[in-house]
Amino acid sequence: MEDLTPEEIQLFIEAISAHSNYDFSEYSIKSFTRRVQKLLVDYRTDITGLIKRVSENSNFLEKAVINITVNTTEIFRDPKIWEYINTTILPRYKNESRINIWHAGASTGQEIYTMLILLKQHGLFDKARVYASDINSEVLEISKSGKYKYREIDEYINNFKETYKNSGKSYNINDYFKISRNRNTVKTKSFLLDKTQYKVHDLTKITNPFAVKYNIIFCRNVLIYFNHELQNRIIKLFENSLFTGGTLIIGKHEGILGDIAEKFEKQGTIYIKK
Ligand SMILES: C[S@@+](CC[C@H](N)C(=O)[O-])C[C@H]1O[C@@H](n2cnc3c(N)ncnc32)[C@H](O)[C@@H]1O
């Protein structure tokens, strides 16, 4: 892989922001550099060629941005957190008349469908308004379709089992997904589709895309790609957008630092707005 200097990365970021609304200046430099290196390999070019292409071709720029963002996700990713949501967080919403949920950085939707499954099991599905956003329009289209590759199914089934293993209840993943080995597909069942409102939205712009207040905000494995200043501004946006007592769920390798942390009560990687 080509070694890239911070100055070269800077020139690339400047070329992107000169020709679009995207601003990668506060992404964490290490992982951003790795993604740019991958772009160079995929498009068989060097950094000068890449800068020229994003400057001259807006379709290519869009494609490059989509490739820069990391979209990995899973159904019931990090089961310990889903177990906690299942046993401790969701029962608190039993008497609410409405539950607004925002998945920020939702990627291809596995996190959304995981939550919808739990809402269904808790009898909270009809009370929930579900909103999802991501900077990448392509992943949101996959999310809307709810269609995934069969090759990830072992992971999904393991996560599913892990989540419920101490619950004393037995659920079947086939009640929620139509799994076909022959067709190489995992299709989300139709009662889980169409529940979610989607919007392409860039968190670096620090705006609330749906202009409502939320009871629960998910932003898992997204903040990790940003520097601390940007992380803090986004956490502040979440704090402003949550009802008092609302729940913020971030990734298991992410945390809230600085003054803003005092606005929350921490329960693992789950934060309750005071
Ligand atoms: C690793 S995925 C996380 C998906 C899911 N939340 C999970 O934890 O499984 C990170 C997502 O953040 C999105 N993302 C990256 N930068 C973003 C930004 N500035 N605004 C909104 N979403 C962004 C990416 O497109 C990607 O879909």
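Along each chain, numbering runs from 1 in the same order as the chain's sequence is written. In keeping with the model being predicted, local features are shown solely for residues with a pLDDT of at least 70 and side-chain atom pairs are shown and tallied solely at 80 or more, while totals for entire chains, interfaces and linings include all residues.

*Asks:* How do you make sense of the overall build of the chain when you look at a structure like this?
*Replies:* What counts as a helix is a DSSP run of H or I of at least four residues, what counts as a strand is a run of E of at least two, and both are numbered from the N terminus. The secondary structure content of the chain amounts to nine helices and 10 strands. Two things to know: the radius of gyration comes from C-alpha atoms, and the globule rule equals 2.2 Å times the number of residues to the power 0.38. For a compact globule of 274 residues, the expected C-alpha radius of gyration is about 19 Å, and the chain comes in at 20 Å, within 12% of that figure. Dimensions of the chain, computed from the C-alpha atoms along their principal axes, are close to 60 × 50 × 30 Å. What counts as a contact is two residues whose backbone-derived C-beta atoms lie within 7 Å of each other. Contacts in the chain between residues far apart in sequence, at least 24 positions, make up 76% of those at least 6 positions apart.

*Asks:* Help me out: how do you make sense of the sheet that holds strand S6 (residues 196-200) in this one?
*Replies:* Paired through their backbone hydrogen bonds, the strands of a sheet run either parallel or antiparallel. Here, any two strands with at least 2 DSSP bridges between them count as paired. Across the sheet, seven strands lie side by side as S6-S2-S1-S7-S8-S10-S9; this open sheet has mixed pairing. In this open sheet, the two strands that pair with only one neighbour each are S6 and strand S9 (264-267). Taking each pair of neighbouring strands and ignoring which way they run, the sheet shows an average axis angle of 20°. Two elements, strand S1 (residues 99-104) and strand S2 (residues 128-134), share six bridges in a ladder whose sense is parallel. Following the sheet pairing, alanine 104 is matched in S2 by serine 133. Axis definition: a line fit to C-alpha positions, over the contact stretch in the case of helices; interaxial angles, taken between N-to-C directions, run 0 to 180 degrees. Here helix H6 (residues 110-121) sits on the sheet and contacts S1, S2, S6 and strand S7 (214-219); the angle it forms with S2, its principal contact strand, is near 170°.

*Asks:* Honestly, the domain arrangement of the chain in this entry has me stumped. Any pointers?
*Replies:* Many structure descriptions define interface size as the accessible area lost when the parts assemble. Source of the domain bounds: an automatic or database domain assignment. Domain parsing of the chain yields domain 1 (6-68) and domain 2 (79-273). Placing a centre on the C-alpha atoms of domain 1 and another on those of domain 2 gives a separation of 29 Å. When residue character is reported, Ala, Val, Leu, Ile, Met, Phe, Trp, Tyr, Cys and Pro are called nonpolar, Asp, Glu, Lys and Arg charged, and the others, Gly included, polar. In the side of domain 1 that touches domain 2, the residues fall into two nonpolar, two polar and two charged.

*Asks:* Would you explain the sheet that holds strand S3 (residues 147-149) in this entry?
*Replies:* With antiparallel pairing, three strands are arranged side by side in an open sheet as S3-S5-S4. Looking at which strands have only one partner, the edges of the open sheet turn out to be S3 and strand S4 (177-180). Going from strand to strand, the sheet's axes swing by 20° on average, the running direction of each strand aside. Where S4 lies against strand S5 (residues 185-188), four bridges are found, and the strand directions are antiparallel. By the bridge assignment, lysine 178 is partnered in S5 with lysine 187.

*Asks:* Got a minute to help me understand the nonpolar core in this structure?
*Replies:* In a soluble, globular protein the nonpolar side chains are often hidden away together inside. Throughout this description, the term nonpolar core refers to a group of buried Ala, Val, Leu, Ile, Met, Phe, Trp, Tyr and Cys residues whose C-beta atoms join them within 7 Å. Buried residues are those with 20 or more other C-beta atoms within 10 Å of their own C-beta, exposed residues have 12 or fewer, and partly exposed residues lie in between; C-beta atoms are placed from the backbone. Ile101, Ile217, Cys219 and Leu248 are the most contacted members of the largest nonpolar core, which totals 62 residues. Looking at this core, the element that brings in the most residues is H6, giving six residues. Taken domain by domain, the makeup of this core includes at least three residues from each of domain 1 (6-68) and domain 2 (79-273). Filtering out sequence-adjacent residues up to four positions away, cysteine 219 remains in contact with Ala104, Gly105, Phe238 and Ile250.

*Asks:* What is the right way to read helix H8 (residues 153-164) from this model?
*Replies:* The periodicity of an α-helix, 3.6 residues per turn, causes residues three or four places apart in sequence to face the same way. What a helix should span is 1.5 Å times the count of its residues minus one. Between its first and last C-alpha, H8 extends 17 Å over 12 residues, near the 16 Å set by a 1.5 Å rise per residue. Elements in contact with the buried residues of H8: helix H5 (79-89).

*Asks:* Would you take a moment to explain the packing of helix H2 (residues 29-42) against helix H4 (residues 58-68) for this structure?
*Replies:* A packed helix pair is summarised by two numbers, namely the angle formed by the two axes and the spacing between the axes. Their axes nearest at 9 Å, the elements H2 and H4 cross at an angle of 125°. Classified by the interaxial angle, the pair formed by H2 and H4 is oblique. Our pair here, H2 against H4, has a crossing hand that is right-handed. Along its contact with H2, which presents Arg35, Leu39 and Asp42, the element H4 presents Ala64, Asn67 and Ile68. Grouping the amino acids of the contact of H2 with H4 by side-chain chemistry returns three nonpolar, one polar and two charged. Put simply, angles under 35 degrees are roughly parallel, angles over 145 are roughly antiparallel, angles from 65 to 115 are roughly perpendicular, and the rest are oblique. Definitions for this section: a left-handed crossing has its near helix turned counterclockwise from the far helix by less than a right angle. A right-handed crossing has that turn clockwise.

*Asks:* I keep staring at the environment of lysine 189 and nothing clicks. Help me out?
*Replies:* For lysine 189, the position within the fold is in the loop between S5 and S6. According to the C-beta neighbour criterion, lysine 189 is partly exposed, with 14 such atoms within 10 Å. Linking lysine 189 and tyrosine 176, residues 13 residues apart in sequence, is a C-alpha distance of 5.5 Å. In contact with lysine 189, other than residues within four places in its own chain, are Tyr176, Phe177 and Lys178.

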